[in-house]
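As a plain string of letters, each chain reads:
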Amino acid sequence: VLSHNLCTVLNVPHDPVALEEHFRDDDEGPVSNQGYMPYLNKFILEKVQGNFDKVEFNRMCWTLCAKKNLSKSPLLISDEDAFKVWVIFNFLSEDKYPLIIVPEEIEYLLKKITEAMGAGWQQEQFEHYKIALNTSREGLSAWELIDLIGSGQFSKGMDRQTVSMAINEVFNELILDVLKQGYMLKKGHKRKNWMERWFVLKPNIISYYVSEDLKDKKGDIILDGNCCVEALPDKDGKKCLFLIKCLDKTFEISASDKKKKQEWIQAIQSTVSLLRAGSPPPHKEARQRRKELRQKLLAEQEELERQMRELQAANENKQKELETVRKQLEAAAARAAEEEKKRLQTQVELQDRFSLELEREKMVRQKMEEQVAQKSSELEQYLQRVRELEEMYKQLQEALEEEKQARQDEETVRKLQARLLEEETAKRAELEKWHLQQQQTIQMTEAEKQELENQRMMKEQALQVAMQQLKQLELERKEALEQYEEVKKKLETAANNTKSWKDKVAHHEGLIRLIEPGSKNPHLITNWGPAAFTEAELEERERSWKGKKATSE
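Predicted model, so just to flag it, every value in this text is computed and none were measured. (Residues numbered from 1 in each chain as written. Predicted model: local features only at pLDDT ≥ 70, side-chain atom pairs only at ≥ 80, totals over all residues. Heavy atoms only, no water.)

### As for the sheet that holds strand β7 (residues 250–254)
What links the strands of a sheet is backbone hydrogen bonding, and the strands pair in either a parallel or an antiparallel sense.
No. 1: The strand order across the open sheet built from seven strands is β4-β3-β2-β1-β7-β6-β5, with neighbouring strands paired in antiparallel fashion. Because the sheet does not close on itself, it has two edges, and the strands there are β4 (217–222) and β5 (228–232). Each adjacent strand pair in this sheet contributes to an overall mean axis angle of 35°, direction not counted.
No. 2: Where strand β6 (residues 241–245) and β7 come together, five bridges link them in antiparallel fashion. Residue pairing for β7: Leu243 is matched across the bridge by Glu252. (Pairing = 2+ DSSP bridges. Helix = DSSP H or I, 4+ residues; strand = E, 2+ residues; numbered from the N terminus. Axes fitted to C-alpha atoms, helices over the stretch in contact; angles between N-to-C directions.)

Rendered as structure tokens:
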């Protein structure tokens, strides 16, 4: 029966009589040893072409599992609404078994339902629920999600009809891919009359029906990348008009008001743009982005945990190394103490031995003094031996002192090693701190580097402007020099003419000097009248020329 119903819903060709024969009640049937899943995959699912009603297929699966798993406690939503929530769960759940919906998708679904109801979203309430959920599990099953929405925890103050309409609106958007729907007037192609129709916009088609119950379908407007929508001016007593152009037909439609008209134009334009770009519907693309973001965050969290484990292992290794060094230092200290003990014992034994030697020598000396008269030569030998023994004693004393000093030096070196080890530990901690500061400084340096680069560009531009100004000044200086040379030539010519004219006048009539009213400033006066430049102006021009020449050199 299950195979027959699956084949019927999925539009897979089958023979009911052959199915009854195939699933006969004996030990050689297809599900006797391997179970039903291999048969389902091979003979049914592999033959599915995709041209079946997904809602009917979901309804059949719902019929199989709802009675067993649906909660018996009373809910604020109907069985039909529970079915729609179950289908939405299958769309938003993670791609692994057993199926669960994570808190991020729960928040997305509850927000959509709350917005459809026209209520405000309670973020703080959901955060408390999310904290309680994360402490016990990763997400909710389909039946737990139905209980959550049916309990009214996030829809308090709303009646059953409002919640049902909100669930239906979210179901239409996420499952049926309904991007927009509503009543509008459509102009007929044959009789040119205007009729009210219920329009439903999907990613690649606009269907229009007699009413919103979707029972009597009147036609479709097939959308593709070549379609376009244009606003039309009011005409024939109809307002808020717009035109949908397709390859074979055009459709004139009238919205109820300007807002609806603009919403429909924008919605159709967005749908055509998605078709041109080959992009999926917005809600599917948003779901894929949320899934990719969760996977990215999970990968980053796993990488962080791996790094923490590596740091912990490295820290444990360092602790072990420090413990080994500490044990080695303790062993070295124990050996040094043992050697010091042996040295002291040896020193005591040597002192006792030399004390006995001295006592013995004293006794021998006394005996030798009694026989000094008779054995003077032997006395000299004895005294020589005593001097040799005393010298040896001094050498032994010096050797003991050197050994003691060496032990003290060894103790000093051991303390120095311990202090160096402590300093190394402190240095290591300080280096790690500097490393963190260096990373922060590097990040700040990148921003400062960009700012310095901008300043450098500004200074280069200013330098170019200054170079241009310098070139302009150089040209002006050259022009001034040329003017100065011209003036100098004029002055020389005037001076020669004046001298010649003075000589002639003095020869014939004597020196004549005309006195005429002039300017207030002192001017050079020639025999022909005021000169072109005053003496102060000439001096000023000469100083300016010399300054510019020195600057250019």
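Still more ground to cover, so stick around.
### Some thoughts on the side chain of Glu105
No. 1: Position of Glu105 among the secondary structure elements: in helix α6 (residues 103–117).
No. 2: Residue Glu105 is classed as buried on the basis of its relative accessible area, which comes to 0%.
No. 3: Engagement of the side chain of Glu105 in a polar contact is seen with the side chain of Arg294, the distance being 2.6 Å.
No. 4: In contact with Glu105, other than residues within four places in its own chain, are Leu92, Arg290 and Arg294. (Buried < 20%, exposed > 50% of the residue type's maximum accessible area, 1.4 Å probe, protein only. Polar contact = N/O pair within 3.5 Å; in protein donor to acceptor, adjacent residues only side chain to side chain. Contact = heavy atoms within 4.5 Å.)

### Observations regarding the layout of surface pockets
No. 1: Of the voids in this model, the second largest pocket is the one considered here, and its volume is about 660 Å³.
No. 2: Those elements that place two or more of their residues in the lining of the second largest pocket are α6, α7 (123–134) and α11 (282–370).
No. 3: For the lining of the second largest pocket, the leading source of residues is α11, giving eight residues.
No. 4: Looking at side-chain class alone, the lining of the second largest pocket contains six nonpolar, three polar and 10 charged residues. (1 Å grid on protein atoms, 1.4 Å probe; cavity = no way out; pocket = protein on both sides within 12 Å on 5 of 7 lines; lining within 4 Å. Points joined across faces, edges and corners; volume = space filled by probe spheres on them. Nonpolar A, V, L, I, M, F, W, Y, C, P; charged D, E, K, R; others polar.)

### Examining the domain arrangement of the protein
No. 1: For the protein, the domain assignment lists domain 1 (1–175), domain 2 (178–280) and domain 3 (379–417).
No. 2: Taking only C-alpha atoms into account, the centre of domain 2 sits 116 Å from that of domain 3. (Domains from an automatic or database assignment.)

### What about the nonpolar core?
No. 1: One finds Trp62, Trp86, Ile106, Leu109, Ile113, Ile146 and Ile149 to be the most contacted residues of the largest nonpolar core, which totals 39 residues.
No. 2: Those elements that place two or more of their residues in this core are α4 (54–69), α5 (79–92), α6, α7, α8 (142–150) and α9 (160–174).
No. 3: Considering each element in turn, this core owes the most residues, nine residues, to α5.
No. 4: If you look at the next biggest cluster of nonpolar residues, it comprises 21 residues, including Leu201, Val229, Cys240 and Val272. (Core = buried A, V, L, I, M, F, W, Y, C linked by side-chain atoms within 4.5 Å.)

### Considerations on the packing of α5 against α9
No. 1: Between α5 and α9, whose axes approach to 10 Å, the crossing angle comes to 35°. Here α5 runs over α9; the crossing is left-handed. Mapping the contact onto sequence places Asp81, Lys84, Val85, Val87, Ile88 and Phe91 in α5 and Ser164, Ile167, Asn168, Val170, Phe171 and Leu174 in α9.
No. 2: Considering only residue class, the contact of α5 with α9 consists of eight nonpolar, two polar and two charged. (Left-handed = near helix turned anticlockwise from the far one by under 90°.)

### Quick word on empty space enclosed by the protein
No. 1: Taken as a whole, this structure holds two cavities of 30 Å³ or more when the rule is applied.
No. 2: By volume, the largest cavity is sized at about 70 Å³.
No. 3: Together, Leu110, Ile113, Thr114, Met117, Leu148, Ile149, Phe154, Ser155 and Val163 line the largest cavity.
No. 4: Counting only elements with at least two residues in the lining of the largest cavity, the list comes to α6 and α8.
No. 5: With four residues, α6 is the single largest residue contributor to the lining of the largest cavity.
No. 6: Here the residues of the lining of the largest cavity are counted per class, giving seven nonpolar, two polar and no charged.
No. 7: In this model, the second largest cavity occupies a volume close to 30 Å³.
No. 8: The wall of the second largest cavity is formed by Leu92, Ser93, Glu94, Asp95, Glu105, Arg287, Lys291 and Arg294.
No. 9: Among the elements that line the lining of the second largest cavity, the one with the most residues is α11, at three residues.
No. 10: Of the residues contributing to the lining of the second largest cavity, the split by class is one nonpolar, one polar and six charged.

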